[in-house]
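Each chain, letter by letter, is given below.
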Amino acid sequence: MRHRLRYRFGGQKGLIGIRSLPPNDALVFHATGGSQTITTEGVLMPFDAIFLFNGKIVRILSNLQPDSGLYNPGVAFTTLIETNAGWAAANGIKEGSSW
């Protein structure tokens, strides 16, 4: 599946302190393949978190709200993509699909 996103490496801070992303921008993080927790502390905008394991979408957490806590997807992942809230649904992104 091909998705029209402009990717930026998320670094260690991710969306912390970012007020908005252009409509088709995303932050990308690479992980070790375990299940890790993400935080919304310091995040200023709602967002979708798309978790991939070796190119397959294994979990989508939609419309995460600023400062709403910690989230663990409950699955191992190798890549995390953070987009504007609603981007995944608007673009037909579904768990089980290949990226």
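About the thresholds
Residues numbered from 1 in each chain as written. Predicted model: local features only at pLDDT ≥ 70, side-chain atom pairs only at ≥ 80, totals over all residues. Heavy atoms only, no water. Core = buried A, V, L, I, M, F, W, Y, C linked by side-chain atoms within 4.5 Å. Buried < 20%, exposed > 50% of the residue type's maximum accessible area, 1.4 Å probe, protein only. Helix = DSSP H or I, 4+ residues; strand = E, 2+ residues; numbered from the N terminus. Contact = heavy atoms within 4.5 Å. Phe/Tyr/Trp six-rings, centres within 6.5 Å; stacked < 30°, edge-to-face > 60°. Salt bridge = Lys/Arg side-chain N within 4 Å of Asp/Glu carboxyl O.

Trainee: Let's hear about the nonpolar core: which residues, and what values?
Mentor: In terms of nonpolar packing, the biggest core is built from 14 residues, with Leu 15, Ile 38, Phe 47, Ala 49, Phe 51, Leu 64 and Leu 80 touching the most fellow members. Elements that contribute at least two residues to this core include exactly strand 2 (25-30), strand 4 (47-53) and strand 5 (56-64). No other element matches strand 4, which puts 3 residues into this core. What Leu 15 contacts, discounting residues up to four positions off in sequence, is Leu 21, Leu 27, Val 43, Leu 44, Met 45, Phe 47 and Glu 82.

Trainee: So, the packing of aromatic side chains: which residues are in play, and what are the values?
Mentor: Following the criterion strictly, the structure yields 2 aromatic pairs and no others. Measuring from ring centre to ring centre gives 4.8 Å for Phe 51 and Phe 77, while their planes differ by 70 degrees; the resulting arrangement is edge-to-face. Taken together, the positions of Phe 51 in strand 4 and Phe 77 in the loop between strand 6 (70-71) and strand 7 (79-84) put the pair 26 residues apart, joining distant regions of the chain. Given the relative accessible area of 0%, Phe 51 is considered buried. Note on Phe 77: relative accessible area 3%, which makes it buried.

Trainee: Just give me the short version of the environment of Met 45, but keep the residues and values in it.
Mentor: Note that Met 45 resides in the loop between strand 3 (38-39) and strand 4. A residue is classified by how much of its surface remains accessible, and Met 45, at 4% relative accessible area, is buried. If sequence neighbours within four positions are ignored, Met 45 has contacts with Leu 15, Ile 18, Arg 19, Ser 20, Leu 21, Leu 64, Pro 66 and Asn 84.

Trainee: Help me get a handle on the environment of Gly 17, residues and values and all.
Mentor: Secondary-structure assignment places Gly 17 in the loop between strand 1 (6-9) and strand 2. Along the backbone, Gly 17 and Gly 42 are 25 residues apart, and their C-alpha atoms lie at a distance of 6.2 Å. Apart from the residues within four sequence positions on either side, Gly 17 is in contact with Gly 42 and Leu 44.

Trainee: Just give me the short version of the pattern of salt bridges, but keep the residues and values in it.
Mentor: Applying the stated criterion to the full structure yields 1 salt bridge. In this structure, Glu 95 engages Arg 59 in a salt bridge whose closest nitrogen and oxygen atoms are separated by 3.5 Å. Of this pair, Glu 95 sits in the segment after helix 1 (87-90) while Arg 59 sits in strand 5, and the two are 36 residues apart along the sequence. A relative accessible area of 24% means that Arg 59 is categorised as partly exposed.

Trainee: Which residues make up the environment of Thr 79, and what values go with them?
Mentor: If you trace the backbone, Thr 79 turns up in strand 7. Since its relative accessible area comes to 16%, Thr 79 is described here as buried. The residues touching Thr 79, leaving out its near neighbours within four places in the chain, are Val 28, Phe 29, His 30, Ile 50, Phe 51 and Leu 52.

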